[in-house]
Each structure stands twice: as C-alpha cells, then as structure tokens.
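Chain residues, written in single-letter form:
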Amino acid sequence: HSLGSLTPPKHGDDLHDTGQNDERPLRKYSKIICLFLIWIITTAVLTSHSEKQIRMQQISIPGGLTKLYPLAELPLSQRVKFNFEGTFLAKQYSNFTESYLTVYLQLINDYKKPFASTFNLTEPYYIGIVHPQLFDTAPVTRKSVTFNIGDINFERLHHHNSKLFLHIQSNVKTNLPIKVGYDKSPINYDVGIIFSAFVLILLYGLIIWDVVHRTFAAVLVSTMSLAILAALNDRPTMHEIVAWIDTETILLLFSMMILIAVLTETGIFDYLAVYVFKITNGKIWPLIQCLCICTTLVSSFLDNVTTVLLMAPITVRLCEVMDLNPIPVLMSIVVHANIGGTMTPVGDPPNVIITSNQYILKHGVTFLNFTLHMTLGVIIIVLTTNIHLRLLYRNINHLRMHEPKETKVLRRNIIVWERAAGKIPPFAKDANIVRETLMKKVKLLKHQLKKNMTKGAVPLEQYKATLEELQKEHPIKNKALLVKAGFVVLFIVTLFFLESIDELRRLSLGWSALIGVILLLIITEKDDMDAILSRIEWPTLLFFAAMFVLMEAVERLGLINWIGHVTEVIILSVSEEYRLAVAIIIILWVTAITSAFVDSIPVTTMMVKVVINLAENVSLGLPLQPLVWALAFGSCLGGNGTLVGASANVICAGIAEQHGYKFSFNEYFKLGFPIMLGSVIVTTVYLIVAHVLFGWN
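None of the values given here were measured: they were computed from a predicted structure.

A. Looking closely at the overall build of the chain. Summing up its helical and strand segments, the chain has 27 helices and nine strands in all. Counting only residues that meet the buried cut, the chain has 51% of its 697 residues in that class. Counted over contacts in the chain with a minimum sequence separation of 6, partners at least 24 positions apart contribute 82%. Split by element, the accessible area of the chain, about 33700 Å² in all, is 62% carbon and sulfur.

Printed below as a string of structure tokens:
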C-alpha cells in the first residue's frame, strides 16, 4: 500500500479507449458527418462576412444649439444602434443631474430645397451628462442607444432626395465634445437569444454524451458562436476576441500550475497525505471530512482554483493508500472549494466582481461586513452538505475501489447461516429453537456487516503497518527546495491579501502569482523548462480561453441581458411587502441556476447591474446588502451544479485525468446538482430569516 508502488487503476483509460475503439460504426460516422457539416457551415460564414468595425467620429455639440449628424449609409433594417463616448453619467446617477443630451432620428425630405419637410422617426432619448465644470476632468464613458424606426418610417428612408440625420442637442451653454458612431445593422436580439440558447445546448450535449473531448467541444462551439455573430452582421474583430479572454484567470492558472509542479518535487503532498492518514487513524469518513473542512478553510482565503490545485494531489494519494475511488472524494473536495470560496471577497472571482463595484463599496459592503454575513451561511451549508454526502454514501463500499476481504467473508457467512436455518425440517424436534439460534447468528453478522459498510476503516494491524511503511518511504525529499517553495507560497498569499486592501491594490491575482513563480524559478535555479511546462494542463487552459469567448458571444447575442431583464420585471410585479423576500429568492435562484450552466463571471457582471438598479429604484424601497448577499451566494454555489459551472470543477477533472481517473459530466452532475439545490434551499431559508424576518440589513 505504499504510495510509490501504487499505480493508478486503468479504468479511466480503459473507458476512454473503449469509447474510441468499440464505438459503433453508425454512431462513429454520424458524429464525423455532423461535425464536418458544422465545420463547413462555420467556415463558409466566416469567409463570407467581414469583421464589423464601427468608426467613431469626433464632433462638438454647440452650447444650447442643435447638431445634425448625417448618416452616410442608411440602416439595413428597422433598427439602428448608436454608440456615444463622452463625459456622461452612469445610468444610476441620471436622476441627479439637470444636464442632458437629447438624441433622436430625424428624416428630412427634399433637404436641398428651401422648404424641406422633416419627420421625427423616433422618440427622444435622454443621456445624463456631468456638470460643465467637470468636462475637463470627468472620465469618458460609453453609451449605446438602439432606435427602432418601424415599418412605415423604414419605407420613407428610400424616398427620393431624403436624408437621415441624428438630431443631437444639449441643454448646457458650453460646447460638449463627444464621439459618435452607428451600426446600420445591429443584432436582432430576438433571433440572437434563440441562437445563443442553441449553442449552449449543443455544447452541453457534446460534453454530457462524451461526443468529443470537452476542450475540443468548447473550441468548436465558441468558433460556431463567432460564425453566428458574423451571420447576424456583427462579426467581432480579432482584437475584440482576444480582449474577451480573461488573461488574468489564464495567468493565475498557468502560474499556480508551475508552483504545484515544483512543490510536487519536494514530496510535500505525499508527506501531508501520510500525516492526514495518521491523524484520522485510517478511518474513511474522518479522513474525507478532514479533507473537506481543510478545503473549505483554505478556499476562503485563496481562490477556489488555487485551492483545488493544492488539495487534489493530496486527495488522490490518500485515496490510493486506502483503496478508495478518488472520483467521489475529489468531487466532494471541489464542492467544498466552491462553498468555501463564498466566504470572503477574495475566495471566488464572482465575489471579487461584486465587492470591487464602486457603488456597492460606497454603500457599506466592506471586507469584514461581507465575510460576517457569508460565513454564517457557509457554516450551515457545510453542515447540510456533509449530511447529504453521508446519506449518499451511507454504504461505504460505494467509495471503495474493491470490496474488503473481511466484508466478503461476512457476506458469505450470512448466506451460509441463512441456508442452514432454511434447511432445518419444520417437523424436527426443537426445530424452532435451532432456527431461532441460527437466525440470531445471522442477525449479529448482518449488524457487523452494516457497521463495516457505514463506518469503514483500515484494520488496526494493517493501519499500523501501512503507516510505518509510508512514514519511512515518504519523508520530505528536498527540504531546501521545500523551504524556498514555502517562502514563495507565503509571499504569493501575502500579495493576495494585499490585493484586498484598496490603498495597497497594485497587482492583480494573476500578476501576484506570476511574480512569485518567477522568484521561485530564480532561487531554485530551475533550468529544465521543458520538464516544468510538461506538467501544465494545456487542454484546461485552452478550455477556459474558449469558454471566455463563448460566454462573451452569448452575452453579445443578448441572452444574459434578457435573463436580467426578466428577473427585474418579475420583482417589480410583486406587491411591496413581499418584494424583499421575492427579490432575494429570484436573484439567488436565477443566479445559481444560470451559473450552473453558464460561466458565473458574465452572469455576475450582468446581475450586479440588476441588483444596483433594484436598490436605486426609490419606489421599491429595497435595501442593497441583502441583494448583494443573495447574488454572492447564488453565483458561487451555482458553480457546484455542473462540471463546467465553475473553474475549479474543470481544474479538478483535469488533475483527475492526469492521475488516470476520469469522471464525466453526468457523474459530476449526479453528485453536484443535488448538492447545489440543497445548499441554495438552505441559503434561501437563511437569507429570508436573517433579512426579512429579523431585518439584519
């Protein structure tokens, strides 16, 4: 049972090979034909549509006067979208200014004649601007306005000698410089929402049924989403596509993978595995609970991706020692990593997005305040999740790779004694007494079997022998390297904490990790970069890059904004006394369910806007903080729902596959989705009791 002599079971590889070699010809060729058709259509669309580039033009709006901006090209449909850049106010502050920019579309017929007729094609749209005294110092912001011309007005555009203008007027006396550009064929969001739903369903279909590898599925579907944007006359430029990729996340993952590769050489993971094996006395449930609690605590201060990178190797080694199947234990670990990440503003990327919003910061959401409200809920969730896991794996043999010899002997003895009791002739002398004696023996054996199946532990003699052997074979291999790597880890964690302090915020998490890794490579004199880079999960990094592109494309097609709009409409339709409870429930559940199937980062970005709009609506009278807690819980806990719901889930699957174990989308879904539902239900009760009944706002 030594760690060094154990070889990972081949069941993961066998399944993979079987799926390739024994695949039925009909399924195999159908898959190739369908994928080839997708490639043909995608290629044809991308090669026949150019990148859309909206040219921004600098103009000056005279103080108190009107500026007519001519449209050189007529709209191709009833909708036309304008982009404005200038010293505009954010939407939530528009009610606090008397300075406005008024814009609408105006059609002038026979504009070259002295008595030209004019038609206002659209209703005026008002854009709040800062006070004129701040024109030189206020930041430049972008506003987008989409006008719907209508059928009749669209026909008027093609009238002879007609000219279409954008009517722009400000009510300030100072000249206002702005940039303006327009899109003559914006996306029809009604169609875009349908297409975005289609590509997401296709992605999950490819992953759920293991049609192709998840990385290839993400690359294929993200490319297809770009083709759909091109078909809808909104093909993004390469610069935009690269900007969509969250390089901070990729940089953080890349750096932490190198750090883990160097730490592995020290033997620290084997050593920690032996230590956990020692303090849990070889008992299965104490060991799993110890791993889960450690993961939760570490994830509350480190991001959940880094936590999984640290904990997964230890978990695999412990499972191999105790002859456990690492897959359910790894899934339990990643679930607790996502739960623990909910606790603090730095534990999960959605929390970083929420707590870095200036409006939320200015309304009392601090590091300590956030941590206090979230920690109480996380404690309850961890307890209920532990109960869920105990009930799910109440038969401990479901966690084992092989059934223990002792359990097999008990099963065989039960069968033998039951047969002996059944063969006693009913009319024999003292038959009932003998049968009762035998059944008592069967009852005792069954009780012992149930005890073994629910508790589970390595036999005492085997435990001592294994522990002694492991301690001899797995000491720290390179103490000098461990000291250097430990110093770098402490340095990186310190930078992570400094990042949460506004006055000291200079480096992002990705930069902090990269600087630490560079320091580690310098002080350890690592020259063999090929060996280090070979330990990096490149398919995982490519999967994340493709998913970032896909989610931005889905947002551009209008799906995420549609979800936010529907959420806001439902809350506004409820009577005032129930609005806070309904708002908490809807924000929590919509965010959780959406985050389970769509990456939580764009979902959180969208829902932050919804939360702020609800809090600023004076007629609703909703406090901001309970809505923020609901959003944070929903976005973090929702990631437990599916394999692609959170970054840590994908990282864990990649580490498992690297060690010879493979779990599919369905396997994770069976464990993660019920846990996600249970934790969201518990969170709903917690938030309603704390903030609706007791008014802890």
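B. Geometry of the nonpolar core. Membership of the largest hydrophobic core comes to 166 residues, with the highest contact counts inside it found for Val308, Leu550, Ile587, Leu627, Phe633, Ile651 and Phe663. Counting contributing residues, this core receives three or more from each of domain 2 (249–357 + 369–400 + 478–538) and domain 4 (558–693). In contact with Leu627, not counting residues within four places along its chain, are Leu580, Ala583, Ile584, Ile587, Val611, Leu614 and Leu622. In this structure, Phe88, Ile127, Phe135 and Tyr182 belong to the second largest nonpolar core, which totals 32 residues.

C. Quick look at the environment of Asp210. Following the sequence through the fold, Asp210 ends up in the loop between helix H4 (189–208) and helix H5 (214–231). By relative accessible area, Asp210 is classed as partly exposed at 40%. A C-alpha to C-alpha distance of 9.6 Å links Asp210 and Asn666, two positions 456 residues apart in sequence. Residues in contact with Asp210, not counting those within four places in the same chain, are Arg27 and Ser664.

D. Structural view of a nonpolar patch on the surface. Residues Ile681, Val685, Val689, Val692, Leu693 and Phe694 make up a contiguous nonpolar surface patch of about 580 Å² in total accessible area. Positionally, Leu693 belongs in helix H27 (residues 665–693).

E. Here's a closer look at the pattern of salt bridges. Taken as a whole, this structure holds eight salt bridges when the rule is applied. Across the salt bridge formed by Asp183 and Lys52, the nearest N and O atoms sit 2.8 Å from each other. One end of the pair, Asp183, is in strand E9 (residues 176–183); the other, Lys52, is in the loop between helix H2 (25–48) and strand E1 (57–61), and 131 residues separate them in sequence. An identical accessibility class is assigned to Asp183 and Lys52; each is buried. The salt bridge involving Glu265 is made with Lys526; its shortest N-O contact spans 2.3 Å. Residue Glu265 is located in helix H7 (residues 247–266), and its partner Lys526 is located in the loop between helix H19 (509–523) and helix H20 (529–533); the two are separated by 261 residues in the primary sequence. In the salt-bridge network here, residues are joined through shared partners; they are Asp234, Glu240 and Arg556.

F. Spatial organisation of the state of the cysteines. Scanning all chains against the criterion turns up zero disulfides. Among the cysteines around Cys290, which has no disulfide bond, Cys294 carries the closest sulfur, lying 4.2 Å off. By relative accessible area, Cys290 is classed as buried at 18%.

G. Spatial organisation of the confidence of the model for the chain. With 90% of its residues at a pLDDT of 70 or more, the chain shows a mean pLDDT of 83. The spread of mean pLDDT over the elements of the chain runs between helix H1 (residues 11–21), the lowest at 42, and H5, the highest at 94. Considering only residues more than four positions removed or in separate chains, one finds that residues 1–21, a stretch of pLDDT under 50, has 34 contacts.

H. Just the packing of H7 against H19, in detail. Two numbers describe how H7 lies on H19: the axes approach to 8 Å, and their chain directions differ by 30°. Relative to H19, the element H7 is oriented roughly parallel. Of the two elements, H7 crosses H19, and the hand of that crossing is left-handed. Here Glu248, Leu251, Leu252, Ser255, Met256, Ile258, Leu259 and Val262 of H7 lie close against H19, whose contacting residues are Leu509, Gly510, Trp511, Ala513, Leu514, Val517 and Leu520. Grouping the constituent residues of the contact of H7 with H19 by class yields twelve nonpolar, two polar and one charged.

I. The arrangement of the packing of aromatic side chains in detail. All told, the structure shown has 14 aromatic pairs when counted by the stated rule. With centroids separated by 5.7 Å and ring planes inclined at 25°, the aromatic side chains of Phe36 and Trp39 adopt a geometry described as stacked. Here Phe36 and its partner Trp39 are both found in helix H2, three residues apart, which amounts to about one turn of the helix. Exposure remark for Phe36: the relative accessible area of 48% places this residue in the partly exposed category.

J. Just the side chain of Ser185, in detail. Looking at the element boundaries, Ser185 is found in the loop between E9 and H4. For Ser185, a relative accessible area of 9% gives the class buried. Once you skip the residues sitting within four places of it in the chain, Ser185 turns out to touch Lys52, Leu76, Leu232 and Asn233.

K. Inspection of unusual backbone geometry at higher detail. In the Ramachandran plot, Asn233 falls in the positive-phi region, its phi being about 60° despite a non-glycine side chain. Within the fold, Asn233 resides in the loop between H5 and helix H6 (238–244). Of note in the backbone geometry, Glu525 takes a positive phi value of approximately 55° without being a glycine. Residue placement: Glu525 occurs in the loop between H19 and H20.

L. Seen up close, the sheet that holds E1. Reading across from one edge, E1-E9-E3-E7 is the order of the four strands in this open sheet, with antiparallel pairing throughout. Pairing within the sheet leaves two strands with one partner each, and these edge strands are E1 and strand E7 (141–148). Put simply, the sheet's adjacent strands are angled 30° from each other on average, direction ignored.

M. Representation of H19 in the model. Over its 15 residues, H19 runs 21 Å from end to end, which matches the ideal 21 Å to within 8%, given 1.5 Å per residue. By the burial criterion, the buried members of H19 are Gly510, Ser512, Ala513, Leu514, Gly516, Val517, Leu520 and Leu521. Remark: Glu525 follows H19 within two positions and exhibits a positive phi of approximately 55°.

N. How the structure looks around the environment of Ile152. Among the structural elements, Ile152 can be located in helix H3 (residues 151–156). A relative accessible area of 60% means that Ile152 is categorised as exposed. Residues Ile152 and Gln78 lie 74 residues apart in sequence; the distance between their C-alpha atoms is 9.5 Å.

O. Layout of the side chain of Glu320. Mapped onto the elements of the fold, Glu320 is located in helix H10 (residues 304–321). Polar side-chain contacts of Glu320 include one of 3.1 Å to the side chain of Tyr661.

P. Structural detail: the packing of H10 against helix H11 (residues 326–341). Put simply, H10 and H11 touch, their axes get as near as 10 Å, and they point 155° apart. With respect to their mutual orientation, H10 and H11 come out roughly antiparallel. Where H10 crosses over H11, the two elements pack in a sense that is right-handed. Residue-level contacts link Asn304, Val308, Met311, Ala312, Thr315, Val316 and Cys319 of H10 to Pro326, Val329, Leu330, Ile333, Val334, Ala337 and Asn338 of H11. Each residue belonging to the contact of H10 with H11 can be placed in one class, and the counts come to eleven nonpolar, three polar and no charged.

Conventions we followed
Residues numbered from 1 in each chain as written. Predicted model: local features only at pLDDT ≥ 70, side-chain atom pairs only at ≥ 80, totals over all residues. Heavy atoms only, no water. Helix = DSSP H or I, 4+ residues; strand = E, 2+ residues; numbered from the N terminus. Buried < 20%, exposed > 50% of the residue type's maximum accessible area, 1.4 Å probe, protein only. Contact = heavy atoms within 4.5 Å. Areas by Shrake-Rupley, 256 points an atom, 1.4 Å probe, with all protein chains shown as cover. Core = buried A, V, L, I, M, F, W, Y, C linked by side-chain atoms within 4.5 Å. Domains from an automatic or database assignment. Patch = residues over 30% accessible without salt bridge, like charges linked within 9 Å, V, L, I, M, F, W, Y side chains within 5 Å. Salt bridge = Lys/Arg side-chain N within 4 Å of Asp/Glu carboxyl O. Disulfide = S-S within 2.5 Å. pLDDT = per-residue confidence, 0-100. Axes fitted to C-alpha atoms, helices over the stretch in contact; angles between N-to-C directions. Parallel < 35°, antiparallel > 145°, perpendicular 65-115°, else oblique. Left-handed = near helix turned anticlockwise from the far one by under 90°. Nonpolar A, V, L, I, M, F, W, Y, C, P; charged D, E, K, R; others polar. Phe/Tyr/Trp six-rings, centres within 6.5 Å; stacked < 30°, edge-to-face > 60°. Pairing = 2+ DSSP bridges. Expected span 1.5 Å × (residues − 1). Polar contact = N/O pair within 3.5 Å; in protein donor to acceptor, adjacent residues only side chain to side chain.

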